[in-house]
Structures are given as C-alpha cells and as structure tokens.
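Here is how the chains run, residue by residue.
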Amino acid sequence: MNERITKTQFDYFGLEGKTTIVTGSGNGIGRATAIMLAKLGSNITVCDIENESANNVKKEIVNNGGRAIGIRCDVCQLEDIRNTIDKTIEEFGDIDILINNAAGCGGGKTIDDMTYEEWNRLIQLNLTSAYMFTMEVLPYMKAKMHGKIVMVSSGAGIVGDFSDPHYAASKAGMIGLGKELANELTAYRINVNILGTGLTDTRMSRSNLWNKKTQQVPWYRIGLPEDQAAAIAYMVSESADYLTGQVICPNGGAWM
Ligand SMILES: NC(=O)c1ccc[n+]([C@@H]2O[C@H](COP(=O)([O-])OP(=O)(O)OC[C@H]3O[C@@H](n4cnc5c(N)ncnc54)[C@H](O)[C@@H]3O)[C@@H](O)[C@H]2O)c1
C-alpha cells in the first residue's frame, strides 16, 4: 500500500499538529468543538470573554492528553484579538484554523422594541468581530498558502426567526462575508465555510424561545453541541480541501 493511500484511509481529518483558535469556546458549541478538535490532534487556543470558562476547557483538554492554552478574549476588542493571536504563536508557532464562534443572542426583541444601540452592539459582537478576527489571522495563513476558516452562523440567517432581527441580520452577514472571502481566498488555498447551525441545546438557545423552536425539529431530538462540532471538524479537515464557500446545516431537518 503506498503512502498516499494509507494517509487517505487512516488520517481522514489530518489535524495532528495543526493549530486552531476557537472563539467563545468556554461553553456550548465552541467548547464541544475545541474538545473534539483536540481529540483529533490539533493544538487549541480556547478563548472566551469568560476567563474561568476558557481555562476550565483548557484544563479539560490538557487533562485528557491534548495541547491547549486558555485566554480571556473579548472578540469586540482588537487588542484582545491581537493578544490571543500573539499568545497562540508564542505557544504553538503557527495558526492553521480559525473558528469564528463567539456570539450573543438578541434577547427576544421585535423590530418595534429594539433600539439602534442594541442593533449596533449585536452586529459588532456577532459579525464585525468575525471580520476583525479573520483579518488579523489571515497574514499567517496567506504566508503559507494554507488555512481553514469557519463562520458559525445560524438558521436565523437563512430562514429567519420569530424575533431578534439584529441577530438574524448578523448571522446572514456571516454567510455573505464567508462566501465572499471563500472566493477571494482561493488564490491562497484558504477554505472558508459556514455552519448553518440548527437548534442546539446550549445556554444561549435555552434562553430564547426554547419550547416554540423545539417543536419545529423533525428529528425526534434536539441538536447537541457535538452535532455541530462534528460538522466543523469535517469542514476544517484535510479531507475537505475541495469544500469552500459552503453552508452546512446540522439541523435535524428543521429546514431543507
Ligand atoms: N445554540 C443554538 O441553538 C444556536 C443556533 C444557531 C446558532 N448558534 C451559534 O452558535 C454559536 C455558539 O453559541 P452557543 O449556542 O454555544 O452559545 P453559548 O452561550 O453556550 O456560547 C457562546 C460563548 O461565547 C462567549 N462570548 C460571548 N460574548 C463574547 C465576547 N464578546 N468575546 C468572546 N466570547 C464571547 C460566551 O461567554 C460563551 O462561552 C454562536 O455563534 C451562536 O450564534 C447557536
């Protein structure tokens, strides 16, 4: 059996020794993604606005034999983004993968009771932060003509939602940004894909119209953070080199 066939068959993900930054990975989908990618061999920068959560996830990874650092990072602050990148380079020497996952929810606002300030704050937190983090990481990926980026979007950005127009707009914006970048960055062999996240049992979804939304999922159960992490693991794997500009939606059939 030649070396290439062996690699294709037994190293499907090809993440051993790669370095991944997962934003907002102190809880929920980001946490599950950090843990799953670490199990697949990637070095992980766990970063979150909650310092304690980030460090707990880091400890969990390290205690299970993985390699990780934990950093407090508010993705709305450029200096925090730069600090996270600097610490990642210091520890692991490189950045191969970026998962733009950190976000906030809209608090159940309708267009009538939402303020301009609330709109601006959520667009900054959910969309502008992903643009800024990507901009700061790109020089490292461009220099080696290789990289994988995932935008963690939402069904709200694809089919809309019952409330929170600012949330839906921010998540639709991530899809547009991801697709445009995917086009532009083919020249650098950088893949950009989008997770069209379906309803998933986390702190964020529990706080927002949980009962109404669970009734819309045909798959007889609600998504787990690991369902989303598995799709992300595929998107950043070496097996997905030919996948770019795509939206993958683990959603139990909630929309098709
Ligand atoms: N749970 C769902 O049903 C669902 C559905 C669609 C999309 N999503 C998306 O999935 C992603 C993860 O959400 P989740 O459900 O795991 O929620 P979560 O609340 O469990 O996790 C979000 C994480 O982001 C962190 N965070 C918040 N503001 C931050 C900031 N300024 N800087 C850095 N970190 C910050 C939080 O501390 C938290 O750890 C989000 O982008 C969300 O929009 C979730």
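The rules behind the values
Counting restarts for each chain, with residues numbered from 1 along the sequence as it is written. Thresholds applied to this predicted model are a pLDDT of at least 70 for local features of residues and 80 or more for the giving and counting of side-chain atom pairs; totals over whole chains, interfaces and linings are not thresholded and use all residues. Heavy atoms from the whole structure form the basis of all side-chain values; hydrogens and water molecules are not counted. Secondary structure counts use DSSP, requiring at least four H or I residues in a row for a helix and at least two E residues in a row for a strand, with both numbered from the N terminus. Three exposure classes are used, based on accessible area relative to the maximum for each residue type with a 1.4 Å probe and protein chains only: buried under 20%, partly exposed in between, and exposed over 50%. Think of a polar contact as two N or O atoms within 3.5 Å of one another; within protein, one of them needs to be a possible hydrogen donor and the other a possible acceptor, and neighboring residues in sequence only count if both atoms come from side chains. Contacts are assigned to residue pairs that have any heavy atoms within 4.5 Å of one another. Put simply, a residue is near a molecule or strand once any heavy atom of it comes within 4 Å of that molecule or strand. The accessible surface values rely on the Shrake-Rupley method and a 1.4 Å probe; as for residues, cover is taken only from the protein chains in view. Under the grouping applied here, Gly and all other residues not named as nonpolar or charged are polar, the nonpolar ones being Ala, Val, Leu, Ile, Met, Phe, Trp, Tyr, Cys and Pro and the charged ones Asp, Glu, Lys and Arg. Criterion used throughout: strands pair if DSSP finds at least two bridges between them. Orienting the strands away from the viewer, one traces the path from the first strand over the helix to the second; a clockwise path indicates a right-handed crossover. Geometry is summarised by axes, namely lines fitted to C-alpha atoms with helices restricted to the contacting stretch, and by angles between N-to-C directions that run from 0 to 180 degrees. Expected span of a helix, by definition, is 1.5 Å for each gap between consecutive residues, and there is one gap fewer than residues. Here, the arc refers to the directions that run from the helix axis to the C-beta atoms. The working definition used for a salt bridge is a side-chain nitrogen of Lys or Arg within 4 Å of a carboxyl oxygen of Asp or Glu.

### Overview of the side chain of N193
- Its place among the elements puts N193 in strand β6 (residues 190–197).
- Owing to a relative accessible area of 0%, N193 belongs among the buried residues under this scheme.
- Side-chain polar atoms of N193 contact the backbone oxygen of L243, separated by 2.8 Å.
- If sequence neighbours within four positions are ignored, N193 has contacts with I149, V150, M151, M235, L243, T244, G245 and Q246.

### A few points about the site of the ligand
- Lining the immediate environment of the ligand, one finds 27 residues, of which N27, D48, N101, Y167 and T202 sit closest.
- Separating an oxygen atom of the ligand from a backbone N or O atom of N101 is a distance of 2.7 Å.
- Compared with its free state, where it exposes 820 Å², the ligand has 93% of that area covered by protein.
- Going through the elements one at a time, α2 (28–39), β5 (147–154), α7 (165–185) and α8 (203–206) are the ones with two or more residues in the shell around the ligand.
- In the shell around the ligand, the residues fall into eleven nonpolar, eleven polar and five charged.

### Regarding the pairing of strand β1 (residues 19–23)
- Among the five residues in β1, five count as buried, and that is most of the element.
- Residues T19, I21 and T23 point to one face of β1 and T20 and V22 to the other, with burial holding for every one of them.
- The pairing of β1 with strand β2 (residues 43–48) spans five bridges and is classified as parallel. Along β2, the bridge assignment pairs T23 with C47.
- In this fold, β1 hands off to α2, which returns the chain to β2; that crossover is right-handed.
- Note: β1 against strand β4 (residues 97–100), three bridges, orientation parallel. Following the sheet pairing, V22 is matched in β4 by I99.

### Topic: the sheet that holds β6
- Read from one edge of the open sheet, seven strands run β3-β2-β1-β4-β5-β6-β7, paired in parallel fashion. Looking along the sheet, the strands with just one partner apiece sit at the ends: β3 (68–72) and β7 (247–248).
- Running over the sheet, helix α5 (residues 116–144) touches β1, β4, β5 and β6 and is turned about 175° from β4.
- Most of the contacts of α7 go to β5, to which it runs at about 155°, and overall it touches β4, β5, β6 and β7.

### Focus on the side chain of N126
- Relative to the elements of secondary structure, N126 occurs in helix α5.
- On the basis of relative accessible area, N126 is assigned to the buried category, the value being 0%.
- Polar side-chain contacts of N126 include one of 3.2 Å to the side chain of S170.
- Ignoring anything within four residues of it in the chain, the contact list for N126 reads A103, G104, Y167, S170, K171 and M174.

### Focus: helix α4 (residues 78–92)
- With 15 residues, α4 extends 21 Å between its outermost C-alpha atoms, agreeing within 8% with the 21 Å of an ideal straight helix rising 1.5 Å per residue.
- Taken as a whole, α4 has its buried residues at D80, I81, T84, I85, T88 and F92. Around the axis of α4, the buried residues are gathered within 135° of arc, so they sit on the same side. Away from the buried face of α4 by more than 90 degrees, exposed residues E79 and E90 are located.
- In this structure, the buried residues of α4 make contact with β1, β2, β3 and α5.

### Focus: the pattern of salt bridges
- What the rule picks out here adds up to 13 salt bridges.
- For E118, the salt bridge goes to K109, with nearest N and O atoms at 2.8 Å.
- Look at E118 and you get partly exposed, because its relative accessible area is 24%.

### Overview of the pairing of β4
- Going residue by residue along β4, you find I97 and I99 tucked away on one face and L98 and N100 tucked away on the opposite face as well.
- Summarising the sheet, β4 and β5 pair through four bridges and their orientation is parallel. Residue pairing in the sheet places I97 in a bridge with K148 of β5.
- Regarding the hand of the β-α-β motif, the stretch spanning β4, α5 and β5 is right-handed.

Keep in mind that these numbers describe shape and distance, not what the molecule does.
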